[in-house]
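# Structure assessment
Each chain is listed here by its residues.
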Amino acid sequence: MSMSGRDGRRPGLGAVAGLLAAGTALGVGQFVAGLTGASGSPVVAVGELQIDFTPPWLKNFAISTFGANDKLALISGILVVLAVFAALIGVAAVRRMAYGMAGLAVFAVVGLTAATTRPDATVASLLPTLAATAAAVAVLLALIPLTGPPPRPAPRPVSYDPVTEPGPAGELPGPATGEDIAPGTEPGRIEPRRRSFLAASAATAGVAAAGGLAGRVLAERTSVTKAQQAVRLPRPSVTTQALPPGTDLDIPGLAPFVTPNASFYRVDTTLVLPQVDPTKWQLRIHGMVEKEITLTFEDLLKRPLIEDYITLCCVSDPVGGPYIGNAKWLGASLRDLLREAGVRAGADQLMCTSVDGFTSGTPTEIVMDGRDALLAVAMNGTALPVAHGFPARMVTPGLYGYVSATKWVTDINVTTFAGNYAYWAQRGWSQQAPIKTECRIDVPTGLADLKPGKITVAGVAWAQHKGVEAVEVRVGNGAWHEARLAAVPGIDTWRQWSWDWNAPSGGHVLQARATDKTGYTQTATLAPPEPNGASGYPQVSVPVR
Ligand SMILES: Nc1nc2c(c(=O)[nH]1)N[C@H]1C(S)=C(S)[C@@H](COP(=O)(O)O)O[C@H]1N2
Ligand SMILES: [Mo]
């Protein structure tokens with residue numbers, strides 16, 4: 001199939017040129033973003049903007065469909081859309097360069113809008129997109145002419161005097177090198193235009209890749225991993241909850257009582273992790289207070305630090321889902337800080353803002369009621385991992401993360417719930433979000449090869465800051481059987497449970513339900529995560545044979 005149009009133009013090559021222009025734009029954009037700070041990178045900015053505008057149902061779909069890969073899926077999606085449009089722009093530019101330029105202008109506007117509307121945007125955030133656009137313009141200007149029709153074949157017999165007569169049909173005689181032969185006249189030979197197109201394309205791809213790589217290296221320059229590793233953690237002054245023996249039932253497949261940092265779930269709206277230099281970090285507490293407080297990281301480490309096991313849970317966790325984890329946190333009492341600031345009457349909400357603009361609205365009353373609401377600096381014995389909020393984050397037992405666990409927190413505005421909506425509350429989720437009493441069945445999974453006889457059914461249950469009192473299991477619609485409970489250090493963590501089942505052969509459905517220490521038993525009523533957390537009995541279908 002010929003790629004040439006009627007007029008000898010080649011839309012196929014145009015598409016290639018468009019893709020190369022986009023690739024170069026990305027590489028150059030990444031490079032400049034590396035110089036100016038990663039948040040201005042056009043793809044990242046567009047991605048983050050997209051996250052902010054994602055309706056809750058779609059966010060939920062993304063989390064449940066792609067799980068921890070939702071960010072990768074988003075970036076891939078943006079890249080695919082970008083590639084399709086880039087190819088179309090290239091094809092359009094072959095028809096007329098102005099069309100291609102107009103297409104690039106649309107891209108530039110999208111990129112610039114995204115970059116400037118990020119909460120951490122500065123004038124420098126414009127630079128990656130501007131440079132990327134300039135690169136794309138240059139690539140189109142260089143490559144598109146090479147997709148055009150080749151020079152006509154050199155005039156054949158010289159039937160006129162080239163010195164005194166004009167050429168036939170006023171044509172300019174091309175240089176009569178043997179290479180200037182129209183396509184198809186000599187099969188197997190690459191016409192020179194094609195050859196220069198290929199060469200220019202290869203060079204362009206090289207620039208794109210080099211720019212991208214250099215951008216990554218530059219971005220790592222500003223990484224705070226070294227600073228994170230260098231933090232020397234003070235000893236806790238309150239070791240409220242030493243871990244009692246027997247918190248782990250040691251059942252294969254059952255979530256361990258303490259979730260290692262590396263496998264701890266991560267949920268946030270950022271695509272590039274905020275790199276917060278601890279020597280520059282500050283937390284400002286202001287608003288409805290008697291006295292504003294500004295705290296440095298050094299100040300924070302000098303405060304009495306509390307160590308506690310607290311189970312964090314995401315409101316997006318579906319019944320039986322993975323967005324829950326338990327860690328040993330170390331942090332300063334948020335209540336003590338607020339007492340020093342002096343909270344004014346009526347200030348029922350703490351609007352907590354992260355460096356990346358995310359906000360959570362935490363009830364003042366909960367933070368002040370004596371539970372270990374922490375301004376945390378460490379997780380499982382190490383300084384906070386960057387992905388989990390280095391250098392400081394909030395952890396509040398009993399509340400879903402989106403209203404209580406701001407990572408990279410730098411600002412606490414003491415305010416009211418009335419008229420002030422935090423990030424997810426603006427998107428339709430509840431302002432009040434206590435964690436629901438729930439449980440999960442970890443083993444057996446529906447995939448296990450089970451024989452009749454003794455089968456251990458086990459999982460975790462949680463009712464943060466209430467405490468788990470009981471877990472029951474049933475087979476089909478049979479009677480509820482009380483499970484054995486593991487030890488726990490307090491009421492703020494999840495609790496392992498197990499039940500030995502004498503299983504007959506056949507297909508069975510297992511269900512479980514938890515009861516907390518207030519006497520409340522988790523509801524069988526199915527609810528989706530939005531607007532304030534999923535509910536229903538977890539269940540697993542197991543074939544026994
Ligand atoms: N800055 C910031 N903090 C954030 C979020 C976020 O998107 N940005 N997400 C919150 C949500 S929804 C949850 S469930 C917890 C998850 O904390 P983790 O990623 O450390 O597990 O962080 C909370 N803190
Ligand atoms: Mo969450």
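One structure accompanies this document, and this report is about it. (Residues numbered from 1 in each chain as written. Chains lettered and ligands numbered in written order. Predicted model: local features only at pLDDT ≥ 70, side-chain atom pairs only at ≥ 80, totals over all residues. Heavy atoms only, no water.)

## Overview of the pattern of salt bridges
Our working rule: Here, a salt bridge means any Lys or Arg side-chain nitrogen found within 4 Å of an Asp or Glu carboxyl oxygen. Strands are runs of DSSP state E lasting at least two residues, helices are runs of H or I lasting at least four, and both sets are numbered from the N terminus onward. Classification of residues uses two cut-offs on accessible area relative to the type maximum, computed with a 1.4 Å probe and protein chains only: under 20% is buried, over 50% is exposed, and between them is partly exposed.
Taken as a whole and assessed by the stated rule, the structure comprises 15 salt bridges. With a closest N to O distance of 3.6 Å, D277 and K280 form a salt bridge. The residue E290 makes a salt bridge to R344 at a minimum N-O spacing of 3.6 Å. Pair noted here: E290 is in the loop between β2 (282-287) and β3 (293-296) and R344 is in the loop between α10 (334-341) and β6 (349-354), with a separation of 54 residues, a long-range link. Owing to a relative accessible area of 58%, E290 belongs among the exposed residues under this scheme. Because the salt bridges share partners, they merge into one network encompassing R266, D268 and K407.

## Details of the site of ligand 1
What counts is decided by this rule: Residue proximity to a molecule or strand is established when one non-hydrogen atom of the residue lies within 4 Å of it. Between N or O atoms, a polar contact is any pair within 3.5 Å; within protein, one atom must be a potential hydrogen donor and the other a potential acceptor, and residues adjacent in sequence are included only when both atoms are from side chains. For the accessible areas, the method is Shrake-Rupley and the probe is 1.4 Å, while residue cover comes only from the protein chains on display. In this classification, Asp, Glu, Lys and Arg are treated as charged, Ala, Val, Leu, Ile, Met, Phe, Trp, Tyr, Cys and Pro as nonpolar, and every other residue, Gly included, as polar.
What surrounds ligand 1 is a group of 19 residues, the closest being Y265, H388, R393, A405 and K407. Between ligand 1 and the protein, one listed contact pairs a nitrogen atom with a backbone N or O atom of A405 at 2.9 Å. Protein coverage of the free-state accessible area of ligand 1, which is 530 Å², stands at 100%. Tallied by class, residues from the shell around ligand 1 come to nine nonpolar, five polar and five charged.

## Examining the pairing of strand β4 (residues 305-313)
Regular strands have side chains that alternate between both faces of the sheet. What counts is decided by this rule: One bridge is not enough; two strands pair if DSSP finds at least two bridges between them.
In terms of burial, β4 is a largely internal element, nine of the nine residues being buried. On β4, burial covers both faces: L305, E307, Y309, T311 and C313 on one face and I306, D308, I310 and L312 on the other are all buried. For β4 and strand β5 (residues 324-333), the ladder comprises nine bridges, and the chain directions are antiparallel. Note that in β5 the partner of I306 across the bridge is G331.

## A few points about empty space enclosed by the protein
What counts, and what does not: The method works on a 1 Å grid over the protein atoms by themselves. A cavity is a set of points holding a 1.4 Å probe that cannot get out, a pocket is an open set with protein on both sides within 12 Å along at least five of seven lines, and residues with an atom within 4 Å of a point line them. Grid points are joined across faces, edges and corners, and a volume is the space filled by probe spheres set on the points.
Here the structure, examined in full by the defined rule, presents three cavities of 30 Å³ or more. Taken as a whole, the largest cavity spans an internal volume of roughly 90 Å³. Forming the walls of the largest cavity are 14 residues, and the residues nearest its centre are D317, P318, E438, W462 and A534. A class-by-class count of the residues in the lining of the largest cavity yields nine nonpolar, three polar and two charged. The volume enclosed by the second largest cavity comes to roughly 50 Å³. For the second largest cavity, the lining is made up of 13 residues, of which G361, V403, A422, A425 and Q431 are closest to its centre.

## Describing the packing of aromatic side chains
Under the convention used in this document: What counts as a ring pair is set by centres within 6.5 Å for rings of Phe, Tyr and Trp (its six-membered ring), and what kind of pair is set by the plane angle: stacked under 30 degrees, edge-to-face over 60, tilted for all other angles. For a ring to carry a charge above it, either NZ of a lysine or CZ of an arginine must fall within 6 Å of the ring centroid while also lying within 35 degrees of the normal to the ring plane.
Using the criterion set out here, one finds eleven aromatic pairs in the structure. A ring pair is formed by F297 and F390, whose centres lie 6.3 Å apart and whose planes are at 70 degrees; its orientation type is edge-to-face. Highlighted residues: F297 in helix α9 (residues 297-302) and F390 in the loop between β9 (382-383) and β10 (393-395), separated in sequence by 93 residues. Residue class for F297 comes out buried when judged on its relative accessible area of 7%. Summarising the aromatic geometry, the rings of W480 and Y537 are spaced 5.3 Å apart at their centres and angled 80 degrees between planes, so their arrangement reads as edge-to-face. In this pair, W480 sits in the loop between β14 (468-475) and β15 (481-482) while Y537 sits in the loop between β18 (506-516) and β19 (539-544), placing the two residues 57 residues apart along the sequence. One aromatic cluster is present, built from ring pairs that chain together F358, Y402, Y423, W424 and W429. The aromatic ring of Y423 is capped on one face by R427, whose charged end is 3.7 Å from the ring centroid.

These figures capture arrangement, not role.
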